[in-house]
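Residue strings, one per chain:
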Amino acid sequence: MIGCHRNLLLLVLSAMAFSHAAVAQTAAAQPEVLVVDAAAPAHPFPHFWEHMFGSGRASLSLRESYRQDLRQVKQVTEVEYVRFHAIFLDEMGVYDEDSAGRPVYNFSYVDQAYDGLLQNRVRPFVELSFMPKKLASKDAPHAFWYKQNVAPPKDWAKWDALIYQFTKHLVERYGVDEVQKWYFEVWNEPNIDFWVGEPKQATYWELYDHSAAAVKRVSPRLRVGGPATAQAAWADAFIQHCVEKHVPVDFVSSHVYGNDSAPDVFGTHESIPRDRMVCRAVKKVHDQIKASPRPSLPLIWSEFNASYKNEPEITDSTYMGPWMADTIRQCDGLVDEMSYWTFSDVFEEQGVVKKPFYGGYGLIAAGSIPKLSFTAFRVLHQLGRERITLDSDSALATRASDGSLVVAVWNLVPPDQLSSNQSGSAKTVVIKIKNLGGVRQAYISRADGEHGDPRPVYEKMGSPIYPTQAQLQKLREPALPGSPEVQPLKDGELSLTLPANGLAVIAIR
C-alpha cells in the first residue's frame, strides 16, 4: 500500500515538474514584440560613438600595421579623430637638454605620427603626456610595459616652453585653420596612478593651468580641456577651478569602463551591471556640467569599453555587439563624443602581444583580424540620423536621411549567464511597423557567432599562437560584409530570431 502511495506521489510530482518546465519553456519561447511607429516623435541622432577612437601610445602610429588597421576602421565607421598616449615619451625624441640644461626639441617623429593620421583623413586628439625624463622632477615609472614617467616637471617654465613650442610647431606645419579643429587634452587619468604629484588634484590643476595657457598663447582658437580622469572623477571640481581661476577650458573629458566599481565611480556599494556602468557614469558627469557655471561645455568621453582588463570572454566575444548597441541607446543625449578604447590591438601596455585573442581592447586583433566588435560597429553605422521614440531596452529605431527606417535589435546575455546550450538563450523578436505605407522589404545585417566572429575559425585551426599568412586570410573572412538577408514585410510585420548576444540591424525600404 505504501509503495502504491509512493508511486502515485512520484507520478504527481513528475507531472508538476513537467508542467512547470512546459510553462517555463512556453514563456521563454514567447516572442518579444516591438511596435515601431514610423510617425512617432524623433530627435537628432548624431553618431557620437563612431567619430573618435583610442589607441595605444604615439610611437605605435608609425607602424604600417597600425595604419592598416586604421584604414579598415575608417572604411566602416565615421572615425574623425584618434587619441593616443605618450606623445612626449622619450622614444618619440621630442625633448632633450644640452650640457648646459637648455631644452632641445625634435619634432621629427611627431610629424610622422600626425602626418600618418591626416593622410588617412583622421585628425589627432592630442593628449599632452607623459613627462620626458630630463624634465621630470623625479623618476616615477608607471606600471605599463613602456614605463612612462608620470611625475610633475622639475621646472614649470621648461614645461610651459615645451607645450608652447610643440603647439607652435603644429600650427606652423599644418596651419591654424586645421589645428583649431583638433583637441588638446591635458594628461591622462591624473586621479589614479598616471600622476604622482601630491596632492593629486591640486598638482594636476597646476599642470592643467600651465598647459592650457601655453596652448592658448599659440592661438586662442585652439581647443583645450581635461581633466581626462578615470572613473568619472573630478569634473565638477575641475570646472569650478577653471571658473574661479579664469583658466581656459573648451571641453570636459573623463573615462569609465563597464567593470569599474560603484565605490570608485559613485562612492556607493550598489551592484551596477557591466552593461549599465558606462552610461550611468556619463550621466553623472553630464549632470555635473549642466549644474555648473559652464553648463554648455561639451562632454567628450575619451575612453570607454566593456572592460579595462584583458577578458577574452568580453572584448573578444559576441557580447560586444549588444553591449555596444545598448550603450549607444543609453548614452544618447548625454554626451557629445565617445572614444572607444581602442580601434586596434597594435598595443603594448602589457607588453608585446603574444597571440591574436587575449582579451585586447581593439576592434581588430593582432594580424589585422577584425573581431566581432568590428562587425558590430560596421552594422551600427547603418543607423539613421534621427532616433524615433521606442519603448524598449533592447532596440533602437531610427530614420535615415532617405526616410527609410533602420532598427537595431539585440539579445544581451552576460557571459556568466550563458547556458551550456546557447540556443536556450536565443530569443525571437516580432517587429510591427505602423504608419509606413507601400510594399516594404527588410534588409538584415547581423553580428553574432555566425556573422563576423573569427574565433570559431581560429579554434577550428587549432588556435595557433602565430597564424601563418594563409591562416590570417581565413581569419579575416568572417568580417567580410556579404549581402544582407532580405525578407518581405507581411502586413507590416517581421519576425527574426537572435542567438545569445546576437545583434541585428534592419533597414526597411
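Only a predicted model underlies this, so the values are computations on that prediction, with no experimental measurement involved.

1. A short note on the overall build of the protein
Within the protein one finds 14 helices and 22 strands. Scaling as 2.2 N^0.38, a compact globule of 509 residues should have a C-alpha radius of gyration of about 23 Å, and the protein matches this with 26 Å. Taken along the three principal axes of its C-alpha coordinates, the protein extends 100 × 60 × 50 Å. Taking all 509 residues of the protein together, the buried fraction comes to 56%. Sequence separation of 24 or more characterises 74% of the internal contacts of the protein that already satisfy a separation of 6 or more. Put simply, the protein shows about 21,400 Å² of open surface, and 53% of that area lies on carbon and sulfur atoms. One finds the centroid of the 52 positive side-chain charges in the protein at a distance of 2 Å from the centroid of its 59 negative side-chain charges.

2. Here we look at the environment of Val-282
Along the chain, the position of Val-282 falls in helix H9 (residues 274-290). Each C-alpha atom of the pair Val-282 and Ala-504 lies 26 Å from the other, and the pair is 222 residues apart in sequence.

3. What about the packing of aromatic side chains?
Overall, the coordinates contain 36 aromatic pairs when judged by the stated rule. Relative to Trp-234, the ring of Tyr-204 lies with its centre 6.1 Å away and its plane at 45°, an arrangement referred to as tilted. Placement of Tyr-204 in helix H6 (residues 200-218) and of Trp-234 in the loop between strand E9 (224-229) and helix H7 (235-245) is noted, with a sequence separation of 30 residues between them. For Trp-234, a relative accessible area of 16% translates into the label buried. Its guanidinium or amino end placed over the ring of Tyr-443, Arg-509 lies 5.2 Å from that ring's centre, counting from NZ or CZ.

4. Examining the confidence of the model for the protein
Averaged over the protein, the pLDDT score is 92; the fraction of residues at 70 or greater is 93%. In the predicted structure, residues 1-28 sits below a pLDDT of 50 and forms zero contacts with residues beyond four places in sequence or in another chain.

5. Structural notes on the state of the cysteines
On inspection of all chains with the given rule, the structure shows one disulfide. Cys-279 shares a disulfide with Cys-331; S-S distance 2.0 Å. Of note, the bridge from Cys-279 to Cys-331 carries an S-S torsion of about -110° and is left-handed in sense. With Cys-279 in helix H9 and Cys-331 in helix H11 (residues 320-331), this residue pair connects regions lying 52 residues apart in the sequence. Take Cys-279: its relative accessible area is 6%, and that puts it in the buried class.

6. A short note on the pairing of E9
The buried fraction of E9 is high, at six of six residues. Note that strand E8 (residues 183-186) and E9 share two bridges and pair parallel. Following the sheet pairing, Phe-184 is matched in E9 by Val-224. Summarising the sheet, E9 and strand E10 (residues 251-257) pair through four bridges and their orientation is parallel. Its bridge partner being in E10, Gly-225 is matched across the sheet by Phe-251.

7. Description of the pairing of strand E11 (residues 299-305)
Counting buried positions along E11 gives seven out of seven residues, so the element sits mostly inside the fold. By the bridge criterion, six bridges tie E10 to E11 in an arrangement that is parallel. Looking at the pairing, Ser-253 lines up with Ile-300 of E11. Bridge count between E11 and strand E12 (residues 337-340): three bridges; the pairing is parallel. When the sheet's bridge partners are listed, Phe-304 is paired in E12 with Tyr-340.

Criteria and cut-off values
Residues numbered from 1 in each chain as written. Predicted model: local features only at pLDDT ≥ 70, side-chain atom pairs only at ≥ 80, totals over all residues. Heavy atoms only, no water. Helix = DSSP H or I, 4+ residues; strand = E, 2+ residues; numbered from the N terminus. Rg over C-alpha atoms; globule rule 2.2 N^0.38 Å. Buried < 20%, exposed > 50% of the residue type's maximum accessible area, 1.4 Å probe, protein only. Contact = heavy atoms within 4.5 Å. Areas by Shrake-Rupley, 256 points an atom, 1.4 Å probe, with all protein chains shown as cover. Lys, Arg positive; Asp, Glu negative; His and termini not counted. Charge placed at Lys NZ, Arg CZ, Asp CG, Glu CD. Phe/Tyr/Trp six-rings, centres within 6.5 Å; stacked < 30°, edge-to-face > 60°. Lys NZ or Arg CZ within 6 Å of the ring centre and 35° of its normal. pLDDT = per-residue confidence, 0-100. Disulfide = S-S within 2.5 Å. Pairing = 2+ DSSP bridges.

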